[in-house]
Amino acid sequence: MTTNTTLPIRRPALRAAVAVMAVLTALPAAALYKVVGPDGKVTYTDRPPAPASGRISPVNARTGAAEPDAVLPLELRQAASRFPVTLYTAPSGCEPCDDARALLRKRGIPHAERQVLSREDSDALQKLTGGREMPVLAIGGQQLKGLTPETWSSYLDSAGYPRESRLPAGYEYAAAKPVTQRAEPPRPAALVPTPAPASPAGIRF
C-alpha cells in the first residue's frame, strides 16, 4: 500500500508568491519590443511590430535592457552567438574601413565596431591583432587583416552567416565605440564652507 503525503501550503507564503507574480506581470519590461513611433511616442509590445511602426528595439523581458540580437532570425542569431563579429576601424580618412562597414551592412551581418581614437586604442589593437593595420575583421577567434571582400565573404559563409541580409526591418546597428574602455574622471569633491570661529563670550567685533 502506497501512501502519498502532501505537505500543507502556508497561506502567507502562497499569497506572497501570487503578489510577486502579479508585480512581474505588470512591469513594462515584460514587453519584448520597444517601438518609437514617427511622433516620438514610445510603446511596448510582446508581438513583432510592423516595419512601418517606427524604430524597433528588442528589450530584455526581465531587465528592460536593449538586446539588439534578440529579434534576429534563428539562423542569424545562432551564427552571431557562435562566431560574433567585430570590426576594428579608424574614425576618419580610412576608405577601406568605410568599404568594410558597407560590406557587412549590405550583407546584414550584426557586428560590433571598435575604433582607434587614441594612442591607448592603437596599443590595444597591436596587442589584439599583432599590428596596427585597419580594417581588421574578427569572426569568433579568426582575425582578417585588411579588406579582401572575397576572403571576408568566404569566412562569413563558413561561420554560417546568410549570404543575403535577414535583418528585420527597423534594425539599428550599435554605435561604434573605442577599442579601450575609458574610465570617467572622478568628479571633484564639493567644497564645504568652513564655519567661522566663534567669538569669545563678551567680545564684540
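The rules behind these values
Residues numbered from 1 in each chain as written. Predicted model: local features only at pLDDT ≥ 70, side-chain atom pairs only at ≥ 80, totals over all residues. Heavy atoms only, no water. Buried < 20%, exposed > 50% of the residue type's maximum accessible area, 1.4 Å probe, protein only. Helix = DSSP H or I, 4+ residues; strand = E, 2+ residues; numbered from the N terminus. Pairing = 2+ DSSP bridges. Right-handed = clockwise from strand over helix to strand, strands pointing away. Contact = heavy atoms within 4.5 Å. Axes fitted to C-alpha atoms, helices over the stretch in contact; angles between N-to-C directions. Disulfide = S-S within 2.5 Å. Salt bridge = Lys/Arg side-chain N within 4 Å of Asp/Glu carboxyl O. Expected span 1.5 Å × (residues − 1). Arc of directions from axis to C-beta.

## Here's the deal with the pairing of strand β4 (residues 85-89)
Counting buried residues along β4, 5 of its 5 residues qualify, which places the element largely inside the surrounding structure. Residues Val85, Leu87 and Thr89 point to one face of β4 and Thr86 and Tyr88 to the other, with burial holding for every one of them. Summarising the sheet, β4 and strand β6 (residues 136-139) pair through 4 bridges and their orientation is antiparallel. Residue pairing in the sheet places Val85 in a bridge with Ile139 of β6. Pairing of β4 with strand β5 (residues 112-115) involves 4 bridges; the strand directions are parallel. Note on β5: the bridge partner recorded for Leu87 is Glu113. In this fold, the crossover linking β4 to β5 by way of helix α3 (residues 95-107) has right-handed handedness.

## Side note on unusual backbone geometry
Cis peptide bonds are those with omega within 30 degrees of zero, and the linkage from Met134 to Pro135 qualifies with 5°. Tracing the backbone through its elements, the reader meets Pro135 in the loop between α4 (119-129) and β6.

## Let's talk about the pairing of strand β7 (residues 142-145)
The pairing of β6 with β7 spans 4 bridges and is classified as antiparallel. Looking at β7, one finds that Leu137 is bridged to Leu144. From the end of β6 to the start of β7, which pair antiparallel, there are 2 residues, and Gly140 there has a positive phi angle of about 65°.

## Overview of the sheet that holds β4
With mixed pairing, the 5 strands of this open sheet are ordered in space as β7-β6-β4-β5-β8. At either end of the open sheet lies a strand with only one pairing partner, and these are β7 and β8 (177-178). Two strands pair when backbone bridges link them, and β5 and β8 are joined in this way by 2 bridges, in the parallel orientation. Along β8, the bridge assignment pairs Arg114 with Lys177. Lying over the sheet, α3 contacts β4, β5 and β6, oriented at roughly 160° with respect to β4. Sheet contacts for helix α5 (residues 149-158): β4, β6 and β7; angle to β7, the most-contacted strand, approximately 165°.

## Describing the state of the cysteines
Evaluated as defined, the whole model comprises 1 disulfide. One disulfide in the model links Cys94 with Cys97; its S-S distance is 2.1 Å. One quick way to see it: the torsion about the S-S bond of Cys94 and Cys97 is about 70°, and its sign makes the bridge right-handed. Across the pair, exposure class does not vary: Cys94 and Cys97 are buried alike.

## Here's the deal with the pattern of salt bridges
For side chains bearing opposite charge, pairing can occur when the charged atoms are close. Inspection of every chain in the model, using the stated rule, returns 7 salt bridges. For the salt bridge of Arg101 with Asp98, the shortest nitrogen-to-oxygen distance reads 3.2 Å. Of this pair, Arg101 and Asp98 both sit in helix α3, 3 residues apart, roughly one helical turn. With a relative accessible area of 17%, Arg101 lands in the buried category. Overall, Asp98 belongs to the partly exposed group, its relative accessible area being 41%. Residue Arg163 pairs with Asp157 through a salt bridge whose shortest N-O separation is 3.5 Å. Judged by relative accessible area, which is 68%, Arg163 ranks as exposed. Overlapping salt bridges bring together Asp98, Arg101 and Glu113 as one network.

## A short note on α3
For α3, built from 13 residues, the straight-helix expectation of 18 Å at 1.5 Å per residue is met to within 8% by its first-to-last C-alpha distance of 19 Å. Three or more residues of α3 are buried, namely Cys97, Ala100, Arg101, Leu103, Leu104 and Arg107. Around the axis of α3, the buried residues are gathered within 155° of arc, so they sit on the same side. Exposed side chains of α3 directed beyond 90 degrees from the buried face belong to Glu95 and Lys106. Close packing links the buried residues of α3 with β4, β5, β6 and α5. Phi turns positive one or two residues past the end of α3, at Gly108, with a value near 80°.

Nothing here speaks to function; it is all geometry.
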